[in-house]
Amino acid sequence: MDTARLIRSFHDLTRLEPSLPVVTLFSGGLDSTYLLYRLASAGFTDVHAVSVDLGESVPAEYLRKVTETFSVRLHLVDARRGFVDDFVRPAIAAQAVYLGVHPVSASLSRPLLAEHATRMAAELDAPAVLHTANRSQNTLRRLNGAFAMLGYQGRYGSPYDREPVDRERKTRELESFGIDQPREAEASVDANLWCREFESGIIEDPENHVVPEHFYKWSRHEDPVSPTSIEVGFENGVPVTVDGVGVPLGEMIEVLNHRVGAYGIGRYSGLEHLAGGQKVLEIREMPAAWLLLRSYRHIETAVLDAEAIREKTNIEQVWVREALEGRWFGRLRVAAQAFITQCSAEVTGSVRWRLRQGTADTTGIVAARPRYVRNRESWERSETGAP
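Below you will find a few notes about this structure. Every value quoted in this text rests on a predicted model; they were computed, and no experiment measured them. (Residues numbered from 1 in each chain as written. Predicted model: local features only at pLDDT ≥ 70, side-chain atom pairs only at ≥ 80, totals over all residues. Heavy atoms only, no water.)

Of the two faces of strand 10 (residues 196-199), the one carrying Arg-196 and Phe-198 and the one carrying Glu-197 and Glu-199 are both buried. Taken together, the four bridges between strand 9 (residues 188-191) and strand 10 define a ladder with antiparallel strand orientation. Bridging from a neighbouring strand, Asp-190 pairs with Glu-197 of strand 10. Between the antiparallel neighbours strand 9 and strand 10 lie four residues. (Buried < 20%, exposed > 50% of the residue type's maximum accessible area, 1.4 Å probe, protein only. Helix = DSSP H or I, 4+ residues; strand = E, 2+ residues; numbered from the N terminus. Pairing = 2+ DSSP bridges.)

Pasting the structure below:
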């Protein structure tokens, strides 16, 4: 990574020509909205805000209101299908779980965001691409790493890197323009169809954090629900059916988020490391991920031999590490993916679950080419030649 080309502070923006196009990733959250305000205040006249829809995005009407306030051109990109096919699907096969604590989520979206921002910059011949990650967010190195690996030749980075602005100041200055943030602005929210993640603000202290119930959407369980059964089917490593009915993976994730989440399943909390070794708290809700990852592992265990599974668990963490460290486009992640894809070709079958409040139990694991024993006594007799 060429650090000389990094934008790391609002002061660095003074080195850009305000009349030339600037591309910035825009989610509609507090940080990205405040960046538009600062660019407008600094006299930038050709700002292009790229908002990439990965599911669970801020409503387009709100995004338009914000960008119009600062005379910024909004570019809405529907990337939901690409996100599911190219990032979530391989993550399921990779059993992409961070140190056994929580499924990875933001690590999957950052390379895709960088791709769309880079593509827009190329179309506009823009000399700079901005994002809004700060030093306490791993997104900083993931996006910067992606821009570098994608070969973007302009300047890129986040002005919050070396020049943080507290949430109170951002909120106060934006309110002076009539822009009120949603109440989830009590924390930083990152949402896509695979995960809703909360950090910072009122839940930044690992030693004292209580997540307000209104933060949750999928796993909010206000009324008791009766136990029920659900079955998910896989073909060559890809989830393809729910209760025997074929469903595209994107739609399946949406269905499972609500059906599984209704039982309060799929909430995660844990610490994730920063580049300097410090740890930060992150809270997630991922009901579909909870079910799909476990289902995949059950079928995988049923069809692969023990040594292949042992080796795959090691390769999985290589895959996760490369994604986490912003090296999605690197050779090592791609090589790990090739091994994982080879293994996934055997993963065909289904898992039936009994959902109940707070958890779920398997009631059936069916593999197309199983290695499991269904009747131990019969198997023992056949192995020993006993009558």
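Having put the structure on the table, let's press on.
What follows covers the environment of Asp-78. Relative to the assigned elements, Asp-78 resides in strand 4 (residues 73-78). Sequence-wise, Asp-78 and Leu-256 are 178 residues apart; in three dimensions their C-alpha atoms are separated by 21 Å. Separated by 2.7 Å, the side chains of Asp-78 and Arg-80 make a polar contact. (Polar contact = N/O pair within 3.5 Å; in protein donor to acceptor, adjacent residues only side chain to side chain.)

With that out of the way, let us pick up the sheet that holds strand 15 (residues 279-285). Here four strands make up an open sheet; going across it, the order is 9-10-15-14 and the pairing antiparallel. Unpaired on one side and paired on the other, strand 9 and strand 14 (267-273) mark the two borders of the sheet. Strand-to-strand twist in this sheet, taken as the mean axis angle between neighbours without regard to direction, amounts to 25 degrees. (Axes fitted to C-alpha atoms, helices over the stretch in contact; angles between N-to-C directions.)

Let's shift gears to the side chain of Asp-31. With respect to the helices and strands, Asp-31 occurs in helix 1 (residues 30-41). Apart from the residues lying within four places of it in its own chain, the contact partners of Asp-31 are Thr-132, Asn-134, Tyr-160 and Lys-170. (Contact = heavy atoms within 4.5 Å.)

With that settled, consider the environment of Gly-246. Here Gly-246 is to be found in strand 13 (residues 245-246). Considering only alpha carbons, one finds Gly-246 and Thr-33, 213 residues apart in sequence, at a separation of 40 Å. Residues in contact with Gly-246, not counting those within four places in the same chain, are Val-240 and Thr-241.

In this section: the nonpolar core. If you look at the biggest cluster of nonpolar residues, it comprises 79 residues, and the most contacted ones within it are Trp-194, Leu-292 and Trp-319. Non-local contacts of Trp-319, meaning those with residues more than four positions away in its chain, are made with Pro-90, Ala-91, Ala-94, Ala-96, Leu-108, Trp-328, Arg-333, Ala-336, Gln-337 and Ile-340. Membership of the second largest hydrophobic core comes to 27 residues, among which are Leu-16, Tyr-37, Phe-70 and Ile-179. (Core = buried A, V, L, I, M, F, W, Y, C linked by side-chain atoms within 4.5 Å.)

A word on the side chain of Ser-350. Within the fold, Ser-350 resides in strand 16 (residues 349-356). For Ser-350, a relative accessible area of 14% translates into the label buried.

Turning our eyes to something else, we now look at the pattern of salt bridges. If you walk through the whole model with that rule in mind, you get 28 salt bridges. Between Arg-80 and Asp-53 there is a salt bridge; the shortest N-O distance is 3.8 Å. You can see Arg-80 sitting in helix 3 (residues 80-93) and its partner Asp-53 sitting in strand 3 (residues 47-53), a full 27 residues away along the chain. We classify Arg-80 as partly exposed; its relative accessible area is 35%. (Salt bridge = Lys/Arg side-chain N within 4 Å of Asp/Glu carboxyl O.)

Glancing now at helix 10 (residues 331-344). The end-to-end C-alpha distance of helix 10 is 20 Å, a good match for the 20 Å that 14 residues give at a rise of 1.5 Å each. Taken together, the buried positions of helix 10 are occupied by Arg-333, Ala-336, Gln-337, Ile-340, Cys-343 and Ser-344. What you see down the axis of helix 10 is that its buried residues fit within an arc of 115 degrees, all on one side. Along helix 10, exposed side chains directed more than 90 degrees from the buried face belong to Arg-331 and Gln-342. (Expected span 1.5 Å × (residues − 1). Arc of directions from axis to C-beta.)

In this section: the sheet that holds strand 3. Overall, parallel pairing links the six strands, which are arranged 1-8-7-2-3-4 in an open sheet. This sheet does not close on itself; its edge strands, each paired only once, are strand 1 (6-7) and strand 4. Pairing of strand 2 (residues 22-25) with strand 7 (residues 128-130) involves three bridges; the strand directions are parallel. The partner of Val-22 across the bridge, within strand 7, is Ala-128.

What follows deals with unusual backbone geometry. Here Gln-95, not a glycine, exhibits a phi torsion of approximately 50 degrees, which is positive. The residue Leu-99 is not glycine, and still its phi comes out positive at about 50 degrees. You can see Leu-99 is positioned in the loop between strand 5 (97-98) and strand 6 (102-103). In this structure Leu-99 comes out as exposed when scored by relative accessible area, which is 59%.

Next up on the list: the pairing of strand 11 (residues 228-235). Pairing geometry for strand 11 and strand 16, over seven bridges, is antiparallel. By the bridge assignment, Thr-228 is partnered in strand 16 with Leu-355. Pairing of strand 11 with strand 12 (residues 238-242) involves four bridges; the strand directions are antiparallel. Counterpart to Gly-233 in the pairing with strand 12 is Thr-241. Hairpin connection between strand 11 and strand 12: a loop of two residues separates the two successive antiparallel strands, and Asn-236 in this loop has a positive phi of roughly 50 degrees.

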